[in-house]
Amino acid sequence: MNKKILVTRSSMPPMEEYIDEIRDIWDSRWMTNMGIKHQELQKELKEYLGVENIDLLVNGHMSLELSMQALNLKGEVITTPFTFASTTHAIVRNGLKPVFCDINKNDFTIDVNQIEDLITDQTCAIVPVHVYGNICDVEAIQKIADKYGLKVIYDAAHAFGVKYKGHGIATYGDVSCFSFHATKVFNTIEGGAVCFSDKNKDFGLNIYRLKNFGIRGPEVVDAVGANAKMNEFCAAMGLCNLRHVDAEIAKRKAVAEAYGACLEGIEGIQLNPVQKYVTPNYSYFPVIFHEKEFGATRNEVQKKLEEYGIYTRKYFYPLTNTFDAFHGKYDAGKTPVALHISKRVLTLPLYADLRPEEAAQIADLVIRCKK
Ligand code: T4K
C-alpha cells in the first residue's frame, strides 16, 4: 500500500458547514462559558443519546474526574486496568484507591463474577469501562451496586450512540462519561459529556458548578471546582458532526465487516464479539493474536504492517496497573486475563473514510504474517 494509514482519522464536516455554524460567534462575541452553541448541542445530544440529563465538558477525562468529585466519593473504587490512562488517573486524582478487577476474555469488560470478592467496607463505587464500545454486563453490575449501596460511574468514552436492548447506554448506572475527542466516533475536537439519572439529588447542580470553578452564584463559590467547560467552537463542531454521525457509523460498519469477512475463522485470531441486544458503534477494531496458534506475535504483526505504512495501536498496553507513575503499587498478576489480552491485542485502523477495500488489503497483510 503506498499511502500512510493511521489507526484512526478524525471525522470532520464539510468546511463550509462549520464556517456557517461558527459565523454568529463573530456577531455575539460569546466564545465560551455555556453559550448558545453549548446549550444547543446539549439539547440535541440529550435527545440523540436518550438520556434524562446531560452536561457538556471540556473532555472525557474531566467528565470522569468531576463526576467522582460531584458524588463526593471516598475510599476504594473497583475498576479495570484494561483501559486508557484516564480511567485510573481520574480515580487516583480524586484521592481514591483503585482496586483492580480482572476483565472477561470475550469482550474485555469487567468480569462481574469477581467484583463481589473485591468489595470491602471502604468500597464506595464501581467504575467499569465499556471498552471498544463493548457493553459491560450492566444488569449484573447494577444488582451488585444495589446490594452493597455502591455508585456506578461508567467510562463510556468509547460507547457514543451504543444501545442496549434499545436504550441509550448512558441510561444505565448513576453516571456515564463520554469522550468527544478528535479520535472518537463523534467528536467536538476535544470534549466530553456527563450523563446522569435523577436518582442522585443535586448531582446536576454539582457537576455544573464544578466545571466552572465551583461558582454557584455571582457572590458564592462553595466548592473547589475546575475549569472544564466546553467552548463554543467545540460545541459548533459537535452540532455539525452530529448531523453526519449516523452516516459515519454506517461507513465504519462497512469497514468492520470487510475486516471481519477476511479475518473470521483464521486460527489464532480472536475478533471483537458481536454482543447480544447491543447496537454497536464500531469504534475500534481490536484483534487478539494468540501466538501459539497464529505463529506470529502481536508485535511481529505490528512491525510487518508498519513496513507497509499501516500504523496500528496497542490499545490497551500497558495495563494501567503497571504504569511507572504508580511505582509498583499494584500487582498486574491479580488481573491475569487483562495482562494476557494486553500483551496480544492490536487495534487495526478504523475510521469512516477508510475504504472497505483498504481494510481487506490490511487484513490480507495480517493473514500473510501467519506462520
Ligand atoms: N476513557 C477512555 C477509555 C479513553 O479511551 C479515553 C480517551 C478517555 C477516557 C479520556 O477521554 P478524553 O479526555 O481524551 O476526551 C487517543 C485519544 O487522545 C484519547 O482521547 C483516547 N481515549 C485514546 C484511546 O486515544 P492517543 O495518545 O493514542 O492519541 P494520538 O494523538 O496518538 O492519536 C491517535 C491517532 O488518531 C493518530 O495516529 C491519528 C489520529 N488523529 C489524532 C488526532 C489528535 C486524528 O486523526 N486527528 C487528531 O486530531 O490517545
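Reading the values: rules and limits
- Residues numbered from 1 in each chain as written.
- Predicted model: local features only at pLDDT ≥ 70, side-chain atom pairs only at ≥ 80, totals over all residues.
- Heavy atoms only, no water.
- Near = heavy atom within 4 Å.
- Polar contact = N/O pair within 3.5 Å; in protein donor to acceptor, adjacent residues only side chain to side chain.
- Areas by Shrake-Rupley, 256 points an atom, 1.4 Å probe, with all protein chains shown as cover.
- Helix = DSSP H or I, 4+ residues; strand = E, 2+ residues; numbered from the N terminus.
- Nonpolar A, V, L, I, M, F, W, Y, C, P; charged D, E, K, R; others polar.
- Pairing = 2+ DSSP bridges.
- Axes fitted to C-alpha atoms, helices over the stretch in contact; angles between N-to-C directions.
- Contact = heavy atoms within 4.5 Å.
- Right-handed = clockwise from strand over helix to strand, strands pointing away.
- Buried < 20%, exposed > 50% of the residue type's maximum accessible area, 1.4 Å probe, protein only.
- Lys, Arg positive; Asp, Glu negative; His and termini not counted.
- Salt bridge = Lys/Arg side-chain N within 4 Å of Asp/Glu carboxyl O.

Sorry if this is basic, but what is going on with the site of the ligand here?
Neighbouring the ligand are 25 residues, the closest being Asp155, His158, Ser179, Arg313 and Tyr315. In this structure, histidine 61 approaches the ligand through a main-chain N or O atom, which is 2.8 Å from an oxygen atom. In this structure, serine 179 approaches the ligand through a side-chain N or O atom, which is 2.7 Å from an oxygen atom. The fraction of the free accessible surface of the ligand (920 Å²) that becomes covered by protein chains is 75%. Elements represented by at least two residues in the shell around the ligand include exactly helix 3 (60–70) and helix 4 (85–93). Its residues placed into classes, the shell around the ligand shows eight nonpolar, 13 polar and four charged.

What exactly am I supposed to notice about the sheet that holds strand 12 (residues 269–271) here?
Sheets are built from strands that pair by backbone hydrogen bonding, the pairs being arranged parallel or antiparallel. Spatially, 12-14-15 is the arrangement adopted by the three strands of the open sheet, whose pairing is antiparallel. Looking at strand neighbours, the two that pair on one side only are strand 12 and strand 15 (345–348), the edges of this open sheet. Between one strand axis and the next, the sheet turns through 30° on average, direction left out of account. Across four bridges, the pairing between strand 14 (residues 285–289) and strand 15 is antiparallel. Counterpart to valine 287 in the pairing with strand 15 is leucine 346. Across the sheet, helix 8 (residues 232–263) touches strand 12, strand 14 and strand 15, and the angle it forms with strand 14 is around 20°.

How should I be thinking about the pairing of strand 3 (residues 97–100) in this particular structure?
Every other side chain in a regular strand lies on the same face of the sheet, so the side chains alternate between the two faces. The pairing of strand 2 (residues 76–79) with strand 3 spans four bridges and is classified as parallel. Each residue of the ladder has a partner; that of threonine 79, found in strand 3, is phenylalanine 100. Regarding topology, helix 4 serves as the crossover connection from strand 2 to the parallel strand 3, and that connection is right-handed.

So what exactly am I meant to see when it comes to the side chain of aspartate 102 here?
By secondary structure assignment, the location of aspartate 102 is in the loop between strand 3 and helix 5 (115–118). We note that aspartate 102 is buried and unpaired, the nearest opposite charge coming from lysine 105 at a distance of 11 Å. Among the polar contacts made by the side chain of aspartate 102, one reaches the main-chain amide nitrogen of alanine 338 at a distance of 2.9 Å. Among all residues touching aspartate 102, those that are not within four sequence positions of it are Thr80, Ile110, Asp111, Gln114, Thr335, Pro336, Val337 and Ala338.

What am I meant to see in the pattern of salt bridges here?
Oppositely charged side chains may form a pair once their charged atoms are brought near each other. Under the counting rule described, the total for this entry stands at 24 salt bridges. Where lysine 253 meets glutamate 257, a salt bridge forms, and the shortest distance between an N and an O atom there is 3.4 Å. Taken together, the residues lysine 253 and glutamate 257, both in helix 8 and four residues apart, mark about one turn of the helix. Glutamate 257 gets classed as partly exposed once you look at its relative accessible area, which sits at 45%. Close ionic contact of arginine 368 with aspartate 364 constitutes a salt bridge, the shortest N to O distance being 3.6 Å. With a gap of four residues between them, arginine 368 and aspartate 364 both fall in helix 12 (residues 356–368), about one helical turn apart. Of the residues examined, arginine 368 reaches a relative accessible area of 57% and is grouped as exposed. Linked by salt bridges that have partners in common, Glu17, Glu21, Asp24, Lys37 and Arg243 make up one network.

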